[in-house]
Amino acid sequence: MIPSQMLKGMLEGCVLKIISEHETYGYEISETLKFYGFGNISEGTIYPMLLRMQKNGLISAEYKSSPVGPRRKYFSITEQGMTEIEMFYQNFSELESAVLRLFERKEDRHGEKHARIEERE
Amino acid sequence: MEKSTHELRKENNRLDGLIKEENQAVFTDIICYLRGSKLSEHDVEVVRFDLTSMVLEAQERGENIGSLFGKCRDYKEFCDEIIDSLPKKTKFQAACEFFSTFFLACSASLLIGIIFSAGFSGKIIKGKLPAASIKISVGEGIVIILIVVIAYALVKLVMRSAFESETIFFKISTIAVSTVASAVLIFLPLLLKDTLLTLDLFVGIAIVVLMFGAGKTLERFI
């Protein structure tokens, strides 16, 4: 399970990506995140984030009739939201490269150290 | 077209009846806490509708309200995140809310004061017509204002402490304050009997109606 602290910075971008695929609602977003391996991110966890993104103009919301219960709130991506997704993915790619370089470099350094010890011997 | 606050509240009140008893306590605490926050009445009703929909759909899936919040169920934190995500009520809305509550509470208090005054109920009990004018004593006048202030403070306190568990200290404090307040409200009119003002009965009723109307009008701007 991915620790919540690690997820914190990632979730908004990932939720935006899900919304950009097609108009969707809270529970469906939660289930989609679960499907892709993000673990159990409850609808309650996502709800304040959706309100914030709506307030900031990244997504828009519309109430539509639901087969189960009262009207359901559906979210769609805006142009600003699409720009935000591109920026998120760019930042994530940079971070991913930096982390991979760090971990690979540690192994190289370890390998170099062993080579120098063998030479002396 | 966006629904008005009044229409939303009506719909929410209707949907409340569909929430199962096991989910009511937590749901009520959440809404109570949000009502005591700096969110506008309209935004509180919008969030209330959204949360109601979520709870009702969860019920349809055979889940309870706890499943909506996951393992770390800090409802206060959840509410604080919602409050931070939405705009705060404007100064105009805050002023309308305060004065709406003030006028409605004063109209109710004054009406009760008129009904229970010696010039009104005192006469009716004796089988006579009510007096043309009602005398309000200093004590009664203070009690009318005190009731409004205490009621307002109590409601705000209840809303803000929606998630706080009741400690023994809290319970004892509540009982002590209630006892003192009740004693003051009962004995003050008996001690301060000097007439504060004399109101023509119909003028008094007109003031009650005007304040009620003002309160209801201001409610539309909240």
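In this text the structure is predicted, and so the values were computed from the model without any measurement. (Residues numbered from 1 in each chain as written. Chains lettered and ligands numbered in written order. Predicted model: local features only at pLDDT ≥ 70, side-chain atom pairs only at ≥ 80, totals over all residues. Heavy atoms only, no water.)

Right, let's get into the UniProt feature "domain: Transcription regulator PadR N-terminal" (unreviewed entry) in chain A. The positions UniProt marks with the feature "domain: Transcription regulator PadR N-terminal" (unreviewed entry) are residues 15-86 of chain A. The span residues 15-86 of chain A shows a helical share of 53% and a strand share of 17%, and its end C-alpha atoms are spaced 13 Å apart. (UniProt positions renumbered as here; feature names shortened; annotations may be inferred. Helix = DSSP H or I, 4+ residues; strand = E, 2+ residues; numbered from the N terminus.)

Let us now look at a negative patch on the surface. Together, D74(B), E77(B), E81(B) and D84(B) line one region of the surface with negative charge. Tracing the backbone shows D84(B) in helix 4 (residues 75-85). (Patch = residues over 30% accessible without salt bridge, like charges linked within 9 Å, V, L, I, M, F, W, Y side chains within 5 Å. Areas by Shrake-Rupley, 256 points an atom, 1.4 Å probe, with all protein chains shown as cover. Salt bridge = Lys/Arg side-chain N within 4 Å of Asp/Glu carboxyl O. Lys, Arg positive; Asp, Glu negative; His and termini not counted. Charge placed at Lys NZ, Arg CZ, Asp CG, Glu CD.)

In this section: the nonpolar core. The nonpolar side chains of a soluble globular protein tend to be buried, and buried together. Core analysis: the largest hydrophobic core is formed by 30 residues, its most contacted members being Y47(A), I30(B), L34(B), V47(B), L51(B), F78(B) and I82(B). The biggest single contributor to this core is helix 3 (residues 41-60) of chain B, with eight residues. Among residues more than four places away in sequence, those in contact with I30(B) are L51(B), F69(B), Y75(B), F78(B), C79(B) and F163(B). Core analysis: the second largest hydrophobic core is formed by 19 residues, I18(A), I29(A), I41(A) and L50(A) among them. (Core = buried A, V, L, I, M, F, W, Y, C linked by side-chain atoms within 4.5 Å. Buried < 20%, exposed > 50% of the residue type's maximum accessible area, 1.4 Å probe, protein only. Contact = heavy atoms within 4.5 Å.)

Turning to the interface of chain B and chain A, a few remarks are in order. Listed per partner, the contact involves 26 residues of chain B and 18 residues of chain A. A per-residue breakdown of the area chain B buries against chain A is headed by D50(B), E57(B) and S85(B), which together make up 30% of the total. Across the contact surface, chain B and chain A share four salt bridges. Between K73(A) and D50(B) there is a salt bridge whose closest N-O contact spans 2.9 Å. Taken together, chain B and chain A are joined by ten residue pairs in polar contact (both at pLDDT 80 or more). Elements with a minimum of two residues in the side of chain B that touches chain A: helix 1 (5-16), helix 3 and helix 4 of chain B. Looking at the side of chain B that touches chain A, the element that brings in the most residues is helix 3 of chain B, giving ten residues. Of the residues in the side of chain B that touches chain A, the class split is 13 nonpolar, four polar and nine charged. (Buried area = accessible area lost by both parts, 1.4 Å probe. Polar contact = N/O pair within 3.5 Å; in protein donor to acceptor, adjacent residues only side chain to side chain. Nonpolar A, V, L, I, M, F, W, Y, C, P; charged D, E, K, R; others polar.)

Right, let's get into the pattern of salt bridges. All names here are of chain B. Here the structure, examined in full by the defined rule, presents 17 salt bridges over all chains. In this structure, the salt-bridge partner of R9 is E45, at a minimum N-O distance of 3.6 Å. Here E45 lies in helix 3 and R9 lies in helix 1, a separation of 36 residues in the sequence. Given a relative accessible area of 26%, R9 falls into the partly exposed group. Taken together, the shared-partner salt bridges in this structure form one network comprising R9, D16, R35, E41, E45 and R48.

This next bit is on the domain arrangement of chain B. Residues and elements named next belong to chain B. As far as domains go, chain B holds domain 1 (5-85) and domain 2 (91-219). Computed over C-alpha atoms only, the centres of domain 1 and domain 2 are separated by 32 Å. Taken together, the ten residues of domain 1 in the interface contact six residues of domain 2. Across the domain 1 to domain 2 interface the summed buried area is about 800 Å²; carbon plus sulfur atoms make up 69%. Broken down residue by residue, the surface that domain 1 buries against domain 2 is led by C32, Y33 and G36, which jointly contribute 45%. Our enumeration of links across domain 1 and domain 2 arrives at zero salt bridges. At the boundary of domain 1 and domain 2, one finds zero residue pairs in polar contact (both at pLDDT 80 or more). (Domains from an automatic or database assignment.)

Topologically, S107(B) is positioned in helix 5 (residues 91-115). Leaving out residues up to four positions away in the same chain, S107(B) has contacts with V208(B), M211(B) and F212(B).

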